[in-house]
Structure formats: structure tokens, C-alpha cells
Amino acid sequence: MGLNYYQIKKNVRKARKLVIQGTTSAGSGHPGGSFSMAEIVGVILFKYLRHDPKNPQWEERDKLILSKGHAAPGLFSNLAVAGYFDESELLTLRKFGSKLQGHPDLKCPGVEFCGGSLGIGLSFSIGSAMAAKIDGKDTRIFTIMGDGETDEGQVWEAAMTGSKYKVDNLTAILDRNFIQQDSYTEKVMPLDEELVGDNLSEMWKDASRWKTGDKWRSFGWNVIEIDGHRIEQIDNAIKKATSTKGLPSIIIARTIKGKGVEHMEDNPQWHGKAADPDIAPIIDTELDCQFMIAPSIIAGDMSNLENEVKRCVHGRADYIHLDVMDGQFVPNKTFDYTKIKELRPLTVIPFDTHLMINDPGKQIKNYVDAGSDIITVHAEVCDESSFGEIHDYLKQNQVGVGLAINPDTDIPNWSYKFLPTLDQLIVMSVVPGKSGQKYIESTHEKMNQINSVLEQNNFQGYIEADGGVTLDNIGSCFHDGARIFVGGSAIIGQQDVRGVITEFRNTTLLARRKLLLKKANDLGGTELVKKWIDLHKIGEKKQQLMKIATEAGFL
């Protein structure tokens, strides 16, 4: 089975939106901690947890324990997406008579633990794990803890107990977002090194400063440390944890409080605070504006693709784009599934495989087996029947489904029925199979027509811009609706891949800020623009937004 990357990603996006709807409706709640654990809950619930939303008390189920109970909106929203209850019930959050209260309660289907007082969840989980072993069940317990709650002594008593009784059917995840109710964790009770100043970025990135894992290792736990917002890293960590025998495992996930909404990120004010109703629609748009960078390794040294993959890893790429050309659909030939299989052990970063080949249905199984996480085929070599078979096979194997169209191709009518479940649409902005081409400017106009078709057909996936994308035009591509950007010579062709990817991110972030300021201006004019800008208190965001808004004439 594949990573199920896109399904998890789309579910997490939907869950974050529901958190904003629920907390805004309630006028209170905890969006910050809900967002920091969003990908963690998504991977557990939609990939690993054995459960049945139609039968919440199923005897053979695994259990997800939310020890940091104040992040209940993040749990409720995911349970709603999973089908335990209707998503509209998030609007009843914290209201009298609702089963969705400020902390998890057993009256809510899917909730396994009444989280309230912090520090108790791990003890409860160890008891559940031990009980499962005594009963001879293969039940697995997943427990999500906050870093602030590990100030509680009971956590460490539980840690000793878990090690003593070898509860290897327990996987704990520490949501290490560096913020608790009163302030930054390192100012209240340091888990790593004491924080000087309010800038978390260096501590978050510098592994030499992480001491939390050493504490858990000294208590006899198997420790795995990851970026808690990378779906593929969470997946890989859980896979390792669940295969570890003889001792409990803890995944220390470095996360960002409020992840996904700039003004909430790394801001202690958003530990427990709801967005204003006039701000919520802008946040909703921002959650649709998350973007990914995907270097295309064929723009590098084709004789040493292993090194090009390693450069992508060092550059912290979101995907690795693999252009497969057969010399028939396009004049050039690159590699096939055998090379992808060779490259797969080098990284867990998702492989975004773009098949520029004839009759892809005959080979689709080989590319799934080779380790592709996303597979895109061309509309020009498919019809409704052949694409339907590819679509269903990829979905069954938890591989993302993509459809690509060439510059002179429109979205075919036969594809409309697949758009609601399509994960990715690649809009080629160069003629495929030829290197060194410039972006075809008419693609911008084409994108306006495509967006209309996608909206009418309930497309929930991501548009990928592929071909001639550079720092000069990535902002325009973003405004066109693209959220994944393939960079060939503009990224892999450069010496400093990490530096270039950072520039790509910053340029796209600028475009996103412009779009959100325009949204604020459209909704509420100058006053709402000012209100939106004033929310951005961490770092230099506010000054940058002021400059953008002034240049755009919004102030």
C-alpha cells in the first residue's frame, strides 16, 4: 500500500477548516494546539488506526487517546471527516447539550478518553495497552501529548511504568510545538535548552539543542524524532514504532503552534483563542493556499540521479518530481519504474511520478510497486474507460491520482466525472519532452477557463504547474490557482538547491500574502485590511504586510 498522501492531506485541510468554523461559532476554543497536531491525527486516523465510524465500540478497534484534551476541536474535526458524525455538528462546539465540549467526552462517538486535567493520558494509555495484552488482543494504543503537559510528574511515572512492563503496543506522540498556556515552554520549564528571546526557528531546526529525546531514552523508551508536519515522516515513524518490540515508543514531533495560519503560527496568544467572525473567511482561504515545491531531478545529472535525490532531501523539497518518458509519447527517453525502485530507499519524501508514456494502464502496477506516492498520466493517451481503471487501481492502493494535459489540450469532457476524486491536475506550461523551454504565457489565460471547470465539478485536489516555472513567474502561477510547483533547471539546475527552494517558498509566500490582503479588502475594505495586518505579531510579518497593502492601495 502507498502512503495515502493526498487523501490524508485533503482530510487534514478539511479538518483545519472545521476547527475554525467550530471555534469561531463558539467564540472560544483552542485552534493553535489543534493545528500543531493536525497532520499527526490525520496520519493515525486515516492510515493506521483500525476503527469503524459506524460501530465506534467495535471490540477489535485500536484507540486514539488525546491527552492534551484542550485540543479537542482538532480531534472532533477529524472524527467528523472520518464519518463519526456530521461535519455540521462542529458548529455546536462548546454549546449546551452538544456532544462536542471544550474537552473530549465519552458522549462523543470516537472519543476514548475524557481529557481534562493534563498529564493523565499516558497513564490511562498504558493501562489500556496492558489490558489489551492481558486479554490477548493485538490492540494498539496511540497517545498524543502536549509538550507543556510533560511538566506534570505523573507523565514521568507513567514513562517508567511503560518501560517496566514493555508496553510495545503503545505509541506516544509528543506534540513539540514549544508553546504552552502561559508562554514558550522553554521559558516556563525547559525541555530542551533554555530559550533566549522569542525566536523559535533556530531551536526548532538545530538538532544539537534537542534534549527531550534524551530524557525519554533514559526512561527506557524507543525514541523517534521527526518534523511533525511532514506526512511522510509521520508515516515512516509510526511504521517504525509499531514494528518495535520489547519497549514502548515515543515519536517526538517538532511542530508549529497554529500551523497553516500565519498570524497564529508560533504565537502564544493563539493557545486558546477563537478567530473573529469577519476574519474566519480569510483564514479559510489561507488554508486553501498551502503550497508545495517539487524539484524535477531530470534537470540534473542523469548519470547520477541518486545524488540529485539527495540534493532534494538536503533542500527540504516537498515532493521529488520524476519525469518518466518513453521516447514514444514524447521524443525523449528518461527512465522507467526500475530506476524509481532503486531511488526509493534514499528518502521518504513523496515521489511525484509523471508518466509521459503511451498506454500507461499496462504499466501502472509497476510504478505503484516501485514506490510512487502520486502517479499522473496524460489525458492525451487515455479515455474514460482506461483512466477509470487507472483511477480505481491507484485509489485502492492508496496512491495519489493525477491527470495531466498538454499546452494544446483542454480538460476532456470524459474526465469531469473523475474531478471530484482527482488528487492532482498537472497543467503543462511547456511542450513535454523538450528541455530548456520558457513558460508559455497563454497558460495564464487557460488557467482561468480551467478553474471554472474545476469549480463547477467540485474538484478538491491540487493544481500542479509544470514547465518553465521560475522565480519570475511562480507568483503569477500561484494566483492562477497552482499550489504545486515543479522546478527543473530553475531548482535542480542550480548549485544551492536548498537556497533556491527557500527563495521559491518566499516568493510564493509573498503572492499568498497579496491574495489574502485582497480578500480582506474585498470583504471589509481598509478597516478589515488593518485588522488582518494587526494580527501578525511574530517576526517581521506585520511590516511586510503593511508594505504590500500600501503598494496595492488598500491603505
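Residues numbered from 1 in each chain as written. Predicted model: local features only at pLDDT ≥ 70, side-chain atom pairs only at ≥ 80, totals over all residues. Heavy atoms only, no water.

Honestly, the overall build of the protein chain in this entry has me stumped. Any pointers?
Broken down by element type, the protein chain carries 20 helices and 13 strands. For 555 residues, the compact-globule formula gives about 24 Å, and the C-alpha radius of gyration of the protein chain, at 24 Å, lands near that figure. On the principal axes, the C-alpha backbone points of the protein chain span a range of 65 × 60 × 45 Å. Burial statistics for the protein chain: of 555 residues in total, 57% are counted as buried. For the protein chain, the proportion of contacts with a sequence separation of at least 24, taken over those separated by at least 6, is 72%. In the form shown here, the protein chain has an accessible surface area of approximately 22100 Å², with 48% of it arising from carbon and sulfur atoms. Charge centroids of the protein chain, computed over 64 positive and 74 negative side chains, lie 3 Å from each other. (Helix = DSSP H or I, 4+ residues; strand = E, 2+ residues; numbered from the N terminus. Rg over C-alpha atoms; globule rule 2.2 N^0.38 Å. Buried < 20%, exposed > 50% of the residue type's maximum accessible area, 1.4 Å probe, protein only. Contact = heavy atoms within 4.5 Å. Areas by Shrake-Rupley, 256 points an atom, 1.4 Å probe, with all protein chains shown as cover. Lys, Arg positive; Asp, Glu negative; His and termini not counted. Charge placed at Lys NZ, Arg CZ, Asp CG, Glu CD.)

Explanation requested: helix H6 (residues 153-164) in the structure shown.
Since the α-helix packs 3.6 residues into each turn, any two residues three or four apart lie on the same face. The terminal C-alpha atoms of H6, which comprises 12 residues, lie 17 Å apart, in line with the 16 Å expected from a rise of 1.5 Å per residue. Residues of H6 that are buried include every one of Val155, Trp156, Ala158, Ala159 and Gly162, and no others. Buried residues in H6, looked at end-on, bunch into an arc of 155°, giving them a common side. Exposed side chains of H6 directed beyond 90 degrees from the buried face belong to Glu157 and Lys164. Contact partners of the buried residues in H6: helix H5 (121-134) and helix H9 (212-218). Remark: Lys166 follows H6 within two positions and exhibits a positive phi of approximately 50°. (Expected span 1.5 Å × (residues − 1). Arc of directions from axis to C-beta.)

Hey, could you run me through the side chain of Glu232 in this one?
Looking at where Glu232 falls in the secondary structure, it is placed in helix H10 (residues 231-243). Among the residues examined, Glu232 registers a relative accessible area of 3% and is labelled buried. Aside from chain neighbours lying at most four places away, what touches Glu232 is Leu3, Tyr5, Val348, Ile349 and Pro350.

How should I be thinking about H5 in this particular structure?
Taking 1.5 Å per residue as the helical rise, H5 with its 14 residues ought to reach 20 Å, and the 20 Å between its terminal C-alpha atoms agrees with that figure. Of all the positions in H5, only Gly121, Leu122, Ser125, Ile126, Ser128, Ala129 and Ala132 are classed as buried. Seen along its axis, H5 keeps its buried residues to an arc of 160°; they face one direction. Just downstream of H5, Gly136 is the residue with a positive phi angle, here 75°.

Any chance you could explain the packing of helix H1 (residues 5-26) against helix H3 (residues 38-48) here in plain terms?
Angle between the axes and distance between the axes: these two values describe a pair of packed helices. One way to put it is that H1 packs onto H3 with a least axis distance of 9 Å and a crossing angle of 125°. The orientation of H1 with respect to H3, classified from their angle, is oblique. The chirality of how H1 crosses H3 is right-handed. Along its contact with H1, which presents Ile8, Asn11, Val12 and Arg16, the element H3 presents Ala38, Glu39, Gly42, Val43, Phe46 and Lys47. Of the residues in the contact of H1 with H3, the class split is 5 nonpolar, 2 polar and 3 charged. (Axes fitted to C-alpha atoms, helices over the stretch in contact; angles between N-to-C directions. Parallel < 35°, antiparallel > 145°, perpendicular 65-115°, else oblique. Left-handed = near helix turned anticlockwise from the far one by under 90°. Nonpolar A, V, L, I, M, F, W, Y, C, P; charged D, E, K, R; others polar.)

Can you walk me through empty space enclosed by the protein in this structure?
Gaps left between atoms are located by rolling a probe of water-molecule size over the structure's atoms. Applying the stated rule across the entire model yields 3 cavities of 30 Å³ or more. Estimated volume of the largest cavity: approximately 120 Å³. Taken together, 15 residues form the lining of the largest cavity, with Leu49, Leu64, Tyr84, Gly110 and Glu112 sitting closest to its centre. At the level of secondary structure, the elements contributing two or more residues to the lining of the largest cavity comprise strand S1 (63-66) and helix H4 (72-82). Residue composition of the lining of the largest cavity, grouped by class: 8 nonpolar, 3 polar and 4 charged. (1 Å grid on protein atoms, 1.4 Å probe; cavity = no way out; pocket = protein on both sides within 12 Å on 5 of 7 lines; lining within 4 Å. Points joined across faces, edges and corners; volume = space filled by probe spheres on them.)

Got a minute to help me understand the pairing of strand S5 (residues 249-254) in this structure?
Successive side chains on a regular strand alternate, one facing one side of the sheet and the next facing the other. Most of S5 is tucked away: 6 of the 6 residues are buried. Neither face of S5 is open: one carries Ser249, Ile251 and Ala253, the other Ile250, Ile252 and Arg254, and all of them are buried. Here strand S3 (residues 170-176) runs beside S5; their pairing, made up of 6 bridges, is parallel. Paired with Asp175 across the strands is Ala253, a residue of S5. By the bridge criterion, 6 bridges tie strand S4 (residues 222-227) to S5 in an arrangement that is parallel. Looking at the pairing, Val223 lines up with Ile250 of S5. (Pairing = 2+ DSSP bridges.)

Can you walk me through the pattern of salt bridges in this structure?
Pairs may arise between side chains of opposite charge once their charged atoms sit close together. Across all of its chains, the model carries 36 salt bridges by this definition. Between Lys14 and Glu87 there is a salt bridge whose closest N-O contact spans 3.8 Å. In this pair, Lys14 sits in helix H1 while Glu87 sits in the loop between H4 and H5, placing the two residues 73 residues apart along the sequence. According to the relative accessible area criterion, Glu87 is partly exposed, its value standing at 28%. (Salt bridge = Lys/Arg side-chain N within 4 Å of Asp/Glu carboxyl O.)

How should unusual backbone geometry be read in this particular structure?
The general pattern is negative phi for most residues beyond glycine and trans for most peptide bonds. If you check the backbone angles, Arg94 has positive phi at about 65° while not being a glycine. Assignment of secondary structure puts Arg94 in the loop between H4 and H5. On the basis of relative accessible area, Arg94 is assigned to the partly exposed category, the value being 31%. Despite not being glycine, Gln398 shows a phi value in the positive range, around 55°. Structurally, Gln398 is set in the loop between helix H15 (384-396) and strand S10 (400-405).

What exactly am I supposed to notice about the layout of surface pockets here?
Volume-wise, the second largest pocket comes out at about 950 Å³. Lining of the second largest pocket is provided by 28 residues; of these, Arg13, Asp288, Phe459, Gln460 and Gly461 occupy positions nearest its centre. Of all the secondary-structure elements, those providing two or more residues to the lining of the second largest pocket are H1, helix H11 (280-287), helix H16 (442-456), strand S12 (462-466), helix H17 (474-480) and helix H19 (497-534). A total of 6 residues in the lining of the second largest pocket trace back to one element, the largest contributor, which is H1. Split into classes, the residues belonging to the lining of the second largest pocket amount to 7 nonpolar, 10 polar and 11 charged.

Hey, could you run me through the sheet that holds strand S13 (residues 482-487) in this one?
By way of backbone hydrogen bonds, the strands of a sheet pair with one another, either parallel or antiparallel. Reading across from one edge, S6-S13-S12-S11-S10-S9-S8-S7 is the order of the 8 strands in this open sheet, with parallel pairing throughout. Each end of this open sheet is capped by a strand with a single partner; those strands are strand S6 (292-295) and strand S7 (320-325). Averaged over all pairs of adjacent strands, the angle between strand axes in this sheet comes to 25°, irrespective of strand direction. Bridging between S12 and S13 involves 4 bridges; their strand directions are parallel. When the sheet's bridge partners are listed, Glu464 is paired in S13 with Ile484. Set on the sheet, H15 makes contact with strand S9 (374-378) and S10; between it and S10 the angle comes to about 150°. In the packing of H19 onto the sheet, contacts are made with S6 and S13, and the angle to S6 comes to roughly 145°.

Such coordinate-based values are descriptive only and should not be taken to indicate function.
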